[in-house]
Amino acid sequence: MSLLIKNGRIITADADFTADLFVDGETIQAVGRNLNIKAAREIDASGKLVFPGGIDPHVHLDMPFMGTFSSDNYETGTRAALFGGTTMVIDFILQKQGNSLQSALDEWRSRSDNNCVGDYSFHMAVTDFNDNTRTEIKKMIEQEGITSFKTFMAYKGALMIDDRQMIGLMEEVKQHGGLINVHATNGDMIDYLVAKHRAEKKLSPLYHYLSQPEITEAEASERFADMTYYTGCPGYIVHLTCEGALNAVRNATRRNQKVFVETCIQYLLLDASLYEKDFEGAKWVMSPPLREPKDQATLWAGINQGLVQVVATDHCPFKWEQKLMGKDDFSKIPNGHPAIENRMELLYSEGVHKGKISLNKYVEVACTNPAKIFGMFPRKGTIAPGSDADLVIFDPNEQHTLSAATHHMNVDYSAYEGWPVTGKVKTVVLRGQVAIDNGKCLIEKGYGKFIKRNKVAGKI
Ligand code: URP
Ligand code: ZN
Ligand code: ZN
C-alpha cells in the first residue's frame, strides 16, 4: 500500500525542513516539496513534526530475572513502544552459565518469534565465556545478524563475568566485527555492600541505592574503558548514570579513545530522593540506581558535548505484586522499571520543549545513533529514500499527563504517574504500515520483524 504524508516538518539528526513523504511498500520512495503522486492513503501533517521511528536499544521483554519474568512480553512491550513512537527495540538474550549461546538464542526465539508487533533485534549477553562460547561468536555475527555482545560486571553469582573472560571476549568480538556493551558497575563491591546492609538489618529500598554508590560505577566504567583501549574492541556502556562514570569516559578521550555511552530517560529525570518513600521506592529499584541532581546535569551536558550518544530506557517492568517479593529485603526486589512507552514523549517534553537539547539532537540520540552504532543505518534511524518507512507524526504542542490508567505497558503502576508532558505521538508508521493512529494500534503481533544487523563500524 502507498502512503503520502503531506506538509510535515521533517526532522532528522542533521536536517529540518518542510516537505512531503511518499512511501510505497515498506520503504520511503521520495522526499520533496509538493509531491504530485497519487497514493492509496494521504495524511496531512501540517503543523506536525515528522521524526524517524524511535529505536530503543535497551529493553528486557519476557525476561527471566531474579526469580520472575519481566511483565511485558514481546507483544505488549513492542505494542506499547509503538504507542510511544518507538518502532524498533533491541532486547537482551541471557546465556545460561554452562550452556551455549545458540541454546539461549533458541530459547529467546521461542518467546519472541511471531509475537512482536514492532521490529526487534537482540544483543547476546555472554555470561560464560569459554572455549566453546568463543567458537559461537563468529556465527552469531555473520549468520544471525547479532553483532553486539552484552557483558555484566555486576550481578555476582548470576550474570557477572570476570576481567579474564572480558578480555578474551573482546578479542574475539573485535576480530569478527562486533561490539561489546557492558553493565559497568563493580560487582564485588556491590556484593559486599548488599551483604553488609542485610547483616545490619538495613532492608528497605533505600539500601539498594546505598549498596551501589557512584564509585562502583565510576571504577567499573574506567576499567571497561581500559580493557577496550587495550583490545581495540568497540565498547558501549549501557545505562550510564553519573558524573564519575562519565568522567571516566571523558578521560579516555584524552588518549584519543572513543567509548560509546547510553543513558536512560529515568537518569535524566528522576533522582534518588524517590528511595526515601519507604517501600514505594521499590518502583524505582533498578541497577544502577537513580542518582543525584548533579548527575542529571552531567548527563544533559554529556548529551550536548557528544559524550552521551544514546537515550534508551532499560525497560524492565515488574508488576507491584512482583516488586513485593522484596518487601522485607531490598535485595529481592526485581530490578527494573517501565518506560518503553514514555521515552520519546518525555525526552521531547523535558529535553526539547524545555530547551535542554535541540530537535536534531533529540532525533540523533533517540533514533539515529542507535541505528548507526548497532549496524542498522541507513535502513533504520533516518528519513531518506530507500530507508524503511518507520515514521512518527508528532504534535509538539499537545499537552497530556502520563498515567498507568492510560498507558499500554503491562504493568499496574507508572514510574511517571501524573507527569505533565508537552508533545504527543499522533501517528506511527512501521515499514509502510500505519501502526498507530487516533490512539489505536492497527497492526497485529507477528508484523514485527527480526532485523538482522550488520557488523559495526565502531564509529558514527
Ligand atoms: O535494573 C535493571 N537495570 N534491570 C534490568 C537488568 C539490567 O541490569 O539491565
Ligand atoms: Zn544492566
Ligand atoms: Zn538492562
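What you are looking at is a predicted structure, and each value in this text was computed from that prediction instead of being measured.

A. How the structure looks around the packing of helix α12 (residues 343-353) against helix α13 (residues 359-373). In the contact formed by α12 and α13, the axes pass within 11 Å of each other and the chain directions differ by 150 degrees. Considered as vectors, α12 and α13 are oriented roughly antiparallel to each other. Classified by chirality, the crossing of α13 by α12 is right-handed. Residue-level contacts link Arg343, Met344, Glu345, Leu347, Tyr348 and Val352 of α12 to Leu359, Tyr362, Val365, Ala366 and Cys367 of α13. Residues belonging to the contact of α12 with α13 are distributed by class as follows: 9 nonpolar, no polar and 2 charged.

B. Layout of the coordination of the zinc ion (ligand 3). Looking at the zinc ion (ligand 3), the protein donor atoms are His58 (NE2), His60 (NE2) and Asp314 (OD), and they sit 1.9 to 2.1 Å from it. For the zinc ion (ligand 3), the single-chain donor residues occur in sequence as H-x1-H-x253-D. Here the zinc ion (ligand 3) and the zinc ion (ligand 2) are spaced 3.9 Å apart. In this pair, His60 is assigned in the loop between β6 (54-59) and β7 (64-65) and Asp314 in the loop between β15 (310-312) and α11 (320-323), connecting sequence segments 254 residues apart. Given the relative accessible area of 6%, His60 is considered buried.

C. Structural context of the environment of Gly187. The topology assignment puts Gly187 in helix α5 (residues 187-199). Along the primary structure Gly187 and Asp162 are separated by 25 residues, whereas in three dimensions their C-alpha atoms are 9.5 Å apart. Discounting chain neighbours no more than four positions away, the residues touching Gly187 are Met153, Ala154, Lys156 and Met160.

D. Representation of the sheet that holds β6 in the model. The parallel open sheet is built from 8 strands, whose spatial order is β6-β9-β10-β11-β12-β13-β14-β15. One side of each edge strand has no neighbouring strand; the edge strands of this open sheet are β6 and β15. The mean inter-strand angle of the sheet, taken between neighbouring strand axes irrespective of direction, is 30 degrees. Pairing of strand β14 (residues 260-264) with β15, which is carried by 3 bridges, proceeds in the parallel orientation. For Glu262, the partnering residue across the bridge sits in β15 and is Val310. On top of the sheet, α12 reaches β6, β9 (86-94) and β15; it is set at about 110 degrees to β6, its chief contact. Here α13 sits on the sheet and contacts β6, β12 (179-183), β13 (235-237), β14 and β15; the angle it forms with β6, its principal contact strand, is near 65 degrees.

About the cut-offs
- Residues numbered from 1 in each chain as written.
- Chains lettered and ligands numbered in written order.
- Predicted model: local features only at pLDDT ≥ 70, side-chain atom pairs only at ≥ 80, totals over all residues.
- Heavy atoms only, no water.
- Axes fitted to C-alpha atoms, helices over the stretch in contact; angles between N-to-C directions.
- Helix = DSSP H or I, 4+ residues; strand = E, 2+ residues; numbered from the N terminus.
- Parallel < 35°, antiparallel > 145°, perpendicular 65-115°, else oblique.
- Left-handed = near helix turned anticlockwise from the far one by under 90°.
- Contact = heavy atoms within 4.5 Å.
- Nonpolar A, V, L, I, M, F, W, Y, C, P; charged D, E, K, R; others polar.
- Donors = N, O, S within 2.8 Å, 3.2 Å for Na, K, Ca; no water.
- Buried < 20%, exposed > 50% of the residue type's maximum accessible area, 1.4 Å probe, protein only.
- Pairing = 2+ DSSP bridges.

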